[in-house]
Amino acid sequence: MTPLSYPQGGGNPTVYRSLRTPYIALNSDDTLTRFVKLPKANPVASPDDPVVFKDHTLNAEKKTRVRIHMPTIKLPPNDGTRIPIIIYYPRSIWYLSFWDTDMTYILTSKLACQVPAIVVSVEYRLAPENRLPEQYHDAMDAILWVREQALNPNGEHWIKDCGDISRCFLHGCGCGGNIAFFTALEAARMELEPLKIVGNIMNQPMFGGIERTSSELQNCADPVFPLCAQDLVWEFSLPKGENRDHWYCNPIVEGPHTSAINKLCRCLVIGFYGDVMLDRQQDFVTMLMRHEVQINAMFHDSGFHAIEIVDPEWMNYIVEIIRHFIVDTENKP
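Residues numbered from 1 in each chain as written. Predicted model: local features only at pLDDT ≥ 70, side-chain atom pairs only at ≥ 80, totals over all residues. Heavy atoms only, no water.

Break down helix H4 (residues 175-188) for me, with residues and values.
Compared with the 20 Å implied by 1.5 Å per residue over 14 residues, the 20 Å span of H4 between its first and last C-alpha is a close match. With 12 of its 14 residues buried, H4 lies for the most part within the structure. Turning to H4, its buried residues number three or more, namely Cys175, Gly176, Gly177, Asn178, Ile179, Ala180, Phe181, Phe182, Thr183, Ala184, Leu185 and Ala187. On the buried face of H4, the contacting elements are strand E7 (83-89), helix H2 (134-151), strand E9 (163-173), strand E10 (197-203), helix H6 (227-237) and helix H7 (278-290). (Helix = DSSP H or I, 4+ residues; strand = E, 2+ residues; numbered from the N terminus. Expected span 1.5 Å × (residues − 1). Buried < 20%, exposed > 50% of the residue type's maximum accessible area, 1.4 Å probe, protein only. Contact = heavy atoms within 4.5 Å.)

So this is what it looks like as structure tokens:
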């Protein structure tokens with residue numbers, strides 16, 4: 001990562017750049033200027049489209065939204081059967097919104113169509129303007145919003161009429177995987193009936209720590225997400241004054257989250273051997289097993305972090321892994 005001096009506005013901010021990541025400028029008031037805008041997904045559905053979507057306000061005060069993806073095979077009229085609900089926390093690198101981008105739409109529409117399921121993609125607030133645990137609060141807002149829509153006679157009709165809130169899955173990629181884990185822990189402490197979370201899916205979850213692991217040292221110059229960029233992102237997102245051994249970043253350390261780990265339902269963790277965070281993710285799986293969590297771990301001996309963004313074949317493969325996990329979870333007694 002190369003720090004560059006940027007001459008305009010915001011008290012002479014510092015601009016950071018790394019290969020394949022957007023330019024950002026850290027302003028003197030601890031906000032970011034985000035220079036690159038990612039392509040938005042705003043397709044107009046036609047009668048033969050396999051998936052349609054619509055947006056709803058999640059929390060007006062926080063300015064958060066959700067995007068609901070619905071497979072058209074379940075649009076009325078239908079046979080009365082209900083399909084599972086996937087509450088999805090997209091990548092964001094903590095500081096950049098991906099929730100309504102083309103890349104997120106491709107993934108969520110594939111999940112909706114192929115599982116099939118209703119997929120609720122969640123917009124959560126960004127760091128450093130909003131530091132952890134604010135993102136976990138937004139993630140929980142989405143679970144409670146889904147529950148409210150199902151129980152309210154005037155609720156969102158796709159969820160109320162076609163979704164099965166007793167078959168909900170939390171799913172996240174990258175830092176969204178981190179969010180899915182901590183939100184699942186909070187949900188396990190709460191009375192959410194009749195909503196029930198039956199599975200947690202974490203694709204390349206983002207974790208860190210102070211002591212360097214072998215995979216971090218071997219892949220520190222990763223072209224997609226180098227180690228120096230990860231360190232900077234954690235500096236932006238962790239509570240002020242905390243280091244990378246805070247449990248939000250390093251869940252292996254003891255913390256207030258530890259006592260709830262054994263309450264988690266079945267988990268799927270997906271990773272790649274070229275990912276800087278591989279050792280963190282494998283240690284995470286070991287921790288879940290130590291707490292007797294039912295775990296499916298899929299680590300591939302090729303690939304790299306966020307490979308599904310640039311390789312459609314890997315995206316299709318990951319979607320298929322998730323589909324099998326959901327079907328297998330629902331078939332277990």
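Alright, that's what it looks like, and here's the rest.
Tell me about the nonpolar core, and name the residues and values.
Counting 71 residues, the largest nonpolar core has Tyr89, Trp94, Ile143, Phe181 and Leu288 as the members making the most contacts within it. Examining the composition of this core, we find that 8 residues originate from one element, H4, more than from any other. Ile86, Leu268, Ile270 and Ile307 belong to the second largest nonpolar core, which has 25 residues in total. (Core = buried A, V, L, I, M, F, W, Y, C linked by side-chain atoms within 4.5 Å.)

How would you explain the packing of aromatic side chains if you had to name every residue and give the values?
The final tally for this structure, using the stated rule, is 14 aromatic pairs. Seen in terms of ring centroids, Tyr136 and Phe182 are 5.0 Å apart; in terms of plane orientation they differ by 25°. Their pairing is stacked. Placement of Tyr136 in helix H2 and of Phe182 in helix H4 is noted, with a sequence separation of 46 residues between them. An identical accessibility class is assigned to Tyr136 and Phe182; each is buried. Seen from their ring centres, Trp314 and Tyr317 are 5.6 Å apart, and the 80° between their planes marks the pair as edge-to-face. Of the two residues, Trp314 and Tyr317 are both situated in helix H9 (residues 312-331); the distance of 3 residues between them amounts to about one turn of the helix. Tyr317 gets classed as partly exposed once you look at its relative accessible area, which sits at 38%. Counting every residue linked through ring pairs, the aromatic cluster contains Tyr136, Phe181, Phe182, Phe207, Trp247, Tyr248 and Phe284. (Phe/Tyr/Trp six-rings, centres within 6.5 Å; stacked < 30°, edge-to-face > 60°.)

Describe the sheet that holds strand E8 (residues 118-122), and please don't skip the residues or the numbers.
The strand order across the open sheet built from 8 strands is E5-E6-E8-E7-E9-E10-E11-E12, with neighbouring strands paired in mixed fashion. Where the open sheet ends on each side, the last strands, each with one partner, are strand E5 (51-59) and strand E12 (295-300). Sheet twist, expressed as the mean angle between neighbouring strand axes with direction ignored, is 20°. As paired strands, E10 and strand E11 (residues 267-272) are joined by 4 bridges and run parallel to one another. Its bridge partner being in E11, Ile201 is matched across the sheet by Leu268. (Pairing = 2+ DSSP bridges. Axes fitted to C-alpha atoms, helices over the stretch in contact; angles between N-to-C directions.)

Mind laying out the pattern of salt bridges, listing which residues take part and the relevant values?
Summed over the entire model, instances satisfying the criterion amount to 19 salt bridges. A salt bridge links Arg189 to Glu186, with the nearest nitrogen and oxygen atoms 3.7 Å apart. Residue class for Glu186 comes out partly exposed when judged on its relative accessible area of 36%. Connected via shared salt-bridge partners are Lys62, Arg125, Glu134, Asp138 and Asp141. (Salt bridge = Lys/Arg side-chain N within 4 Å of Asp/Glu carboxyl O.)

An account of the packing of helix H1 (residues 102-114) against H9 is needed here, citing residue identities and associated values.
Close contact between H1 and H9 brings their axes to 10 Å; oriented N to C, the two are set at 40°. Relative to H9, H1 is oriented oblique. With respect to the hand of their crossing, H1 and H9 are arranged in right-handed fashion. Residues Met103, Ile106, Leu107, Lys110, Leu111 and Gln114 of H1 form the contact with H9, whose own contacting residues are Met315, Asn316, Val319, Glu320, Ile322 and Arg323. Split into classes, the residues belonging to the contact of H1 with H9 amount to 7 nonpolar, 2 polar and 3 charged. (Parallel < 35°, antiparallel > 145°, perpendicular 65-115°, else oblique. Left-handed = near helix turned anticlockwise from the far one by under 90°. Nonpolar A, V, L, I, M, F, W, Y, C, P; charged D, E, K, R; others polar.)

How would you explain the side chain of Thr104 if you had to name every residue and give the values?
Among the structural elements, Thr104 can be located in helix H1. On the basis of relative accessibility, which here comes to 5%, the residue Thr104 falls in the buried class. Those residues within four positions of Thr104 in sequence are excluded, and the remaining contacts are Tyr88, Pro90, Phe98, Trp99 and Ser121.

Give me unusual backbone geometry: which residues, what numbers.
Looking along the chain, the bond that leaves Ala127 and enters Pro128 is cis, with omega of 0°. Residue placement: Pro128 occurs in the loop between E8 and H2. Between Leu132 and Pro133 the backbone carries a cis peptide bond, its omega angle lying at 15°. Mapped onto the secondary structure, Pro133 falls in the loop between E8 and H2. Located in the positive-phi region is Trp94, a residue other than glycine, with phi close to 70°. With respect to the secondary-structure elements, Trp94 resides in the loop between E7 and H1. Judged by relative accessible area, which is 0%, Trp94 ranks as buried.

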